[in-house]
Amino acid sequence: MSDKSLYTRSVERAIDILECFMERDVLSLHEIAEATSLPDSTALRIINSLRKRGYVARVPCGKTYRLGDRFLLFTACENQSYVRLKSAGTASMQALYQSYDENLQLFTFNGAEFCSVLAFESTRMPHPPIWEEKRKWGPSAAGRIFLAYQDEEQKRLLDPEGQVENEALAKIIDDGYTLCVDPKDISVVGIAAPVFLPSGALQAVLQFSGPASRFVNERIMDKIKDTARTAQEISRLLGEQMGTAAGGAHQDGGEIG
């Protein structure tokens, strides 16, 4: 299967048009066409489709367009999800952080990049820098958790060179956590565990990390257990916020210890 067969150009063009409104709130047809390098006629057909679904709206008494109410509602839902996740993570993560004083972060993943929801930075020196707000996928502890729960097509797209073997991914799901060195800095070790929605879908990943010289010691199994338990607690609190018990076939993970 060629790479081209994996994508739909019309969808990409529609997204290009929506992204035009990141710079300006109101745009004319010609401005949209110019920004997306599309003929006016093509841009108009796509705009009309987006208008039909409520993602773009015509400005009254004018020949310009803005984002529609449906798009704004969609964005509000995404923001609400972020707020719920941050709220569920704060108290649980704070307890884990205070126990060890090492770097601790909660991530979501948008299909290409990690997005940091919440971070606690170690006060101990030395310590690795907290990840920036966004970071491309890589076979870190957090990256391995995200990869383990993707379908086969997405796995190939994220990890075309097969840096993480399928057997390792299956073990992550069975164990409920992973432990590995950071591929960007082998002196750093990370533990990561999944956070689930009540439906059982992966929502986020909790990553706990520090310098190998200090992080890997007689308390390493305690760190693994506490990281997995904290991720389970965040999943439970998410479920409570959404009005149902948190689910997920692998939420409890395997026996650790």
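First, a word on scope: everything that follows refers to the structure included in this document.

Parameters at a glance
- Residues numbered from 1 in each chain as written.
- Predicted model: local features only at pLDDT ≥ 70, side-chain atom pairs only at ≥ 80, totals over all residues.
- Heavy atoms only, no water.
- Axes fitted to C-alpha atoms, helices over the stretch in contact; angles between N-to-C directions.
- Helix = DSSP H or I, 4+ residues; strand = E, 2+ residues; numbered from the N terminus.
- Parallel < 35°, antiparallel > 145°, perpendicular 65-115°, else oblique.
- Contact = heavy atoms within 4.5 Å.
- Nonpolar A, V, L, I, M, F, W, Y, C, P; charged D, E, K, R; others polar.
- Pairing = 2+ DSSP bridges.
- Buried < 20%, exposed > 50% of the residue type's maximum accessible area, 1.4 Å probe, protein only.
- Polar contact = N/O pair within 3.5 Å; in protein donor to acceptor, adjacent residues only side chain to side chain.

**Things to note about the packing of helix H2 (residues 29-36) against helix H3 (residues 40-52)**
Two numbers describe how H2 lies on H3: the axes approach to 9 Å, and their chain directions differ by 105°. By the angle between their axes, H2 is roughly perpendicular relative to H3. Between H2 and H3, the residues in contact are Leu29, His30, Ile32 and Ala33 and Asp40, Ala43, Leu44 and Ile47, respectively. For the contact of H2 with H3, the per-class residue count stands at 6 nonpolar, 1 polar and 1 charged.

**As for the sheet that holds strand S1 (residues 27-28)**
Strand order in the open sheet made by the 3 strands is S1-S3-S2, with antiparallel pairing throughout. Looking along the sheet, the strands with just one partner apiece sit at the ends: S1 and strand S2 (56-58). Of the strand pairs in this sheet, S1 and strand S3 (residues 64-67) are connected by 2 bridges, and their pairing is antiparallel. The residue of S3 that forms the bridge with Leu27 is Tyr65.

**Considerations on the environment of Ala141**
The residue Ala141 is located in helix H5 (residues 141-148) in this model. Remark: the alpha-carbon pair of Ala141 and Val181, spanning 40 residues in sequence, is separated by 7.5 Å. Residues in contact with Ala141, not counting those within four places in the same chain, are Thr178, Cys180, Gly190, Ile191, Ala192 and Gln207.

**Details of the environment of Ala168**
Checked against the element boundaries, Ala168 lands in helix H7 (residues 166-175). Considered as a pair, Ala168 and Ala148 are 20 residues apart in the sequence and their alpha carbons are 8.5 Å apart.

**Some details on the side chain of Thr227**
Along the chain, Thr227 falls in helix H9 (residues 220-241). Relative accessible area serves as the criterion here: at 0%, Thr227 is assigned to the buried category. A polar atom in the side chain of Thr227 sits 2.7 Å from the backbone oxygen of Lys223. If we ignore the near neighbours within four places in the chain, the residues touching Thr227 are Leu96, Ile191, Ala193, Leu206 and Phe208.

**Some points on the sheet that holds strand S4 (residues 103-109)**
Spatial strand order, S6-S5-S4-S9-S8-S7: 6 strands in an open sheet with antiparallel pairing. In the strand order of this sheet, the two ends are held by strand S6 (134-136) and strand S7 (178-182), each with one partner. Sheet twist, expressed as the mean angle between neighbouring strand axes with direction ignored, is 35°. Both S4 and strand S5 (residues 113-120) contribute to a ladder of 6 bridges, which runs antiparallel. Across the sheet, residue Phe107 finds its bridge partner in S5, namely Ser116. The sheet contacts of H9 involve S4, S7, strand S8 (185-196) and strand S9 (202-211), and relative to S8 the element is tilted by about 35°.

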